[in-house]
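# Coordinate inspection notes
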Amino acid sequence: MGNWTVDATPRTVAARAEKHNKLDWTKLEQHLQEIGTLHTSIYRIVRDLAPAIVLSCYWFFKHPGLMFQGPGWWYIPRVSLLELGMLGGLTLLSRVVTGRRRGSDEELLHKEMAASVLAAFLCAVAAYPCLLAKLEWERALRVDAGFFLATCALSLFILAIACFIGWVSIDTIIPKREVLIVGSGRGGQAAFEEMVDSPVYNIVGVLDDSFVGTGAMRDRYLGGLDLLDALLKENPVSVVYCSLPVKSMYEPIQQVIAVCEQFGVEVRHSSHLFQTKIATLDRHNGANYSILRMVRDDWTRYAKRTMDILGAGGLLLLSIPILLVAGIAIKVTSEGPIFFSQDRYGFHRRRFRMFKLRSMVMNAEVLQAQLEHQNELGGPVFKIKEDPRVTKVGAFLRKTSIDELPQLWNVLLGDMSLVGPRPLAVRDVLKIEDSAQLRRFSVLPGITCIWQMSGRNNTDFEKWIRQDLEYIDSWSLMLDLKILIGTIPAVLWGKGAM
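### Re the packing of aromatic side chains
Counted under the stated rule, the structure contains 3 aromatic pairs. For the pair Phe-121 and Phe-148, a centre-to-centre distance of 6.3 Å together with 85 degrees between the ring planes defines the contact as edge-to-face. You can see Phe-121 sitting in helix 5 (residues 108–132) and its partner Phe-148 sitting in helix 6 (residues 137–172), a full 27 residues away along the chain. For Phe-121, a relative accessible area of 46% puts it in the partly exposed group. Judged by its relative accessible area of 23%, Phe-148 falls in the partly exposed class. Seen from their ring centres, Tyr-345 and Phe-441 are 6.2 Å apart, and the 50 degrees between their planes marks the pair as tilted.

### Overview of unusual backbone geometry
Despite not being glycine, His-348 has its phi angle at roughly 55 degrees, a positive value. Relative to the helices and strands, His-348 resides in the loop between strand 7 (339–345) and strand 8 (351–357). Judged by relative accessible area, which is 4%, His-348 ranks as buried. Positive phi is not limited to glycine here, since Ser-401 has a value of about 65 degrees. Tracing the sequence through the fold places Ser-401 in the loop between helix 14 (392–399) and helix 15 (407–413). Judged by its relative accessible area of 15%, Ser-401 is buried.

### Some details on the pattern of salt bridges
If charged atoms from side chains of opposite charge come close, those side chains can pair. Overall, the coordinates contain 14 salt bridges when judged by the stated rule. Close ionic contact of Arg-422 with Glu-404 constitutes a salt bridge, the shortest N to O distance being 3.1 Å. Here the residue Arg-422 occupies a position in the loop between strand 9 (417–419) and strand 10 (424–425), and Glu-404 occupies one in the loop between helix 14 and helix 15, the gap between them amounting to 18 residues. Across the pair, Glu-404 and Arg-422 agree in class, each one buried. Among the ionic pairs, Asp-428 bridges to Arg-427, the shortest N-O distance being 2.5 Å. Judged by its relative accessible area of 23%, Arg-427 falls in the partly exposed class.

### Let's talk about the pairing of strand 2 (residues 201–207)
Sheet faces and side chains relate simply in a regular strand, where the side chains alternate between the two faces. Of all the 7 residues making up strand 2, 7 are buried; the element is thus mostly covered by neighbouring parts of the structure. As paired strands, strand 2 and strand 3 (residues 221–223) are joined by 2 bridges and run parallel to one another. Its bridge partner lying in strand 3, Val-206 is registered against Tyr-221.

Rules of the game
- Residues numbered from 1 in each chain as written.
- Predicted model: local features only at pLDDT ≥ 70, side-chain atom pairs only at ≥ 80, totals over all residues.
- Heavy atoms only, no water.
- Phe/Tyr/Trp six-rings, centres within 6.5 Å; stacked < 30°, edge-to-face > 60°.
- Helix = DSSP H or I, 4+ residues; strand = E, 2+ residues; numbered from the N terminus.
- Buried < 20%, exposed > 50% of the residue type's maximum accessible area, 1.4 Å probe, protein only.
- Salt bridge = Lys/Arg side-chain N within 4 Å of Asp/Glu carboxyl O.
- Pairing = 2+ DSSP bridges.

Structure follows, in structure tokens:
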């Protein structure tokens, strides 16, 4: 963390992401718990099918003809009812064992490993009588022992893959989350201690009207609760952990939630609302806090990211000839570089470098100040139809949206998505006065969105923002597909392009 000072004026938080090269199993489990790879449907389905997969592989290994019987293999009965019953029964047993409830004090990895071994053992016990129906008892016992060991190995291998995906996803799929702690009492101190060395979170500061925290917290103390709005506007905060006591500060907590709702920032509050001696808190997935989310957050984010990587990678390869021709045309007809890059506001107001093919003259950003009075779009965004800064080649690139193709690289880097609200320039964001409009930054920005389908620059800024928020509130993978398909005719006909 950079140098922190305590004052009463809003300011930008200069936070750095701390590196942790040493593998800490406790932190790894916290990370996996937070990222949720061990709670996804795909992982659970594959894990539960491990016994059936091992048994099926054994049968195909012993009888390879099951897969290769010419054109009639699919309707010639090769599997007995006993074998089908074994597959179904073992799958059901594995599901029951691995899905059963355990105490919240058990560690995640130990729980998963123990459940996998127990499921393999019980499945082996259940399979042995069935094996006796076809094999001698010694042969059946050897096969059953091999089945147990193979099932254990496969289950642990699946667990290792899920752990690996969860561990690396912090850099490739889900960026480290910037956290602002509100409150410095016991709850705030507990949250600070839990997250200060976390591989998932980066604490950017602590807010409280009356600071009572530890010395380590004081180094990151920023000021009172009145700074929350300004800090969220100026910094890429993605989680606000509210640790204020409910009984004495109900109204301030409501105000914190209201501000975070405006920005689309996730709010968390400790689940330990009451002091108890005997009763224990029933926590879902071991979480110590309640979560108020403004956007959808489940396995679909992995599906969306996968779609982004595959789609952007394929489109980028296909567009290489177009980029080469466009680059030559830009270089021949005007002075300056082929590519144009600019700082834009992205996910949770985090700045990133966005790339485009250069469609304007070299000093376009300097000339913009002289053209501000001609802005035709309204609001903080600057757009004019007959922009004198646009070159002849640039006008064609903009009309056909070819100038946007380099943003596929931003998608691969994880700064953008194929579909999402367009990333705004720093100049535009600083001119936004209504904080509620900044909720559009609660998701990854995209190359296309509802705005591109409905007229692009023919749409005024207020309607543009409403469409972005409509997209966020009703998001689904199917909506992304509809937008991608609907963008094609808008681009081909140059609808609303400037």
